[in-house]
Amino acid sequence: MGAMPIPSRAALVEHLVRTRIAGNVATPRDNNLAHYRSLANGDRHYWLGLEFGDRWADEQDVLAVMAERCGVNDDPGHRTGQDTIDPELTVDALDRMAGRLRKAAADRARVLVATGHPGSLLDVHSRTAAALRAAGCDIVRIPDGLTTDEGYVVQFADVALFERGATLWHTHSPAPMDAVLDGLLAADEPLPDLVVADHGWAGRAGRRGIDTVGYADSNDPALFLAEAEGTLQVTVPLDDHVVDPRSYEPMTAYLLGAAGLL
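In this section: the side chain of Asn32. On the secondary structure map, Asn32 appears in helix H2 (residues 29-40). A polar contact is formed between the side chain of Asn32 and the side chain of Ser218, at a distance of 3.2 Å. If we ignore the near neighbours within four places in the chain, the residues touching Asn32 are Thr27, Val72, Asp83, Ser218 and Asn219.

Following this line, the structure appears as structure tokens:
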């Protein structure tokens, strides 16, 4: 992996909007609201491995948190059409994540990096893992032979992933994270000090009491609610599957630069 130029905050904000990682994102308003409603109604698919009880049973409470932490339109009467992610909130969250990565590097922490979005965020996570390893962190090597959800948990470029049918899968399931953590315990290996992840990987790690930072889209409210409750340390709002995965490179450079890892 070659050196990445570190953009200024202003340049990154402009890039996020231009590439639609933030700003006017592709996820439509009706899809966002449908997911908020499903979470509020107790559909565990949308809980991403977290446990909310009845604390978020009001869809409007979920919307309020998403407006505050992600930057979606806060008008409950706006039901269809365009929705947004505030790029300033994205960069604010990257700064908070950078602080946690900086601490991990200083502590030479044991870190697990994982993604349920291999088609878009794999490079973001693999570069983060490589930078942490270069700084002296112990990047968790997952146990061999882990199976769950009719597939396998594998590791590629220091990133844990879910594979089924010889294909890396996009998954919201928390089961792969359970498989890794339970596998480490069964092998009498220490659990990670920090998890860097997304989707159910991040949610389940946070629920199991591990310091966790992650990424989430505007239609995945669970991780934002978890940050609001203190279960996750940081959730970075972004469109988690833009057309060209290379669009995330300036964001990754900003993150690692702010963490002192570039």
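In this section: the sheet that holds strand S5 (residues 147-148). Here 4 strands make up an open sheet; going across it, the order is S5-S6-S7-S8 and the pairing antiparallel. For this open sheet the edge positions go to S5 and strand S8 (167-168), each flanked by a neighbour on one side alone. Here 2 bridges tie S5 to strand S6 (residues 151-156), and the two strands are oriented antiparallel to one another. Residue Thr148 lies in a different strand from S6, and its bridge partner there is Gly151.

Further remarks concern the pattern of salt bridges. Oppositely charged side chains are able to pair whenever their charged atoms sit close together. Evaluation of the coordinates by the stated rule reveals 22 salt bridges. Among the ionic pairs, Glu51 bridges to Arg44, the shortest N-O distance being 2.9 Å. Given the relative accessible area of 31%, Glu51 is considered partly exposed. Here Asp182 ties to Arg208 by a salt bridge, and the two come within 2.9 Å at their closest N and O atoms. Residue Asp182 is located in helix H6 (residues 175-186), and its partner Arg208 is located in the loop between helix H7 (199-207) and strand S10 (211-216); the two are separated by 26 residues in the primary sequence. Under the relative-accessibility criterion, Asp182 is labelled partly exposed at 40%. For Arg208, a relative accessible area of 32% puts it in the partly exposed group. Several salt bridges share partner residues, and in doing so they unite Arg9, Glu88, Asp92 and Asp95 into one network.

Rules used throughout
Residues numbered from 1 in each chain as written. Predicted model: local features only at pLDDT ≥ 70, side-chain atom pairs only at ≥ 80, totals over all residues. Heavy atoms only, no water. Helix = DSSP H or I, 4+ residues; strand = E, 2+ residues; numbered from the N terminus. Polar contact = N/O pair within 3.5 Å; in protein donor to acceptor, adjacent residues only side chain to side chain. Contact = heavy atoms within 4.5 Å. Pairing = 2+ DSSP bridges. Salt bridge = Lys/Arg side-chain N within 4 Å of Asp/Glu carboxyl O. Buried < 20%, exposed > 50% of the residue type's maximum accessible area, 1.4 Å probe, protein only.

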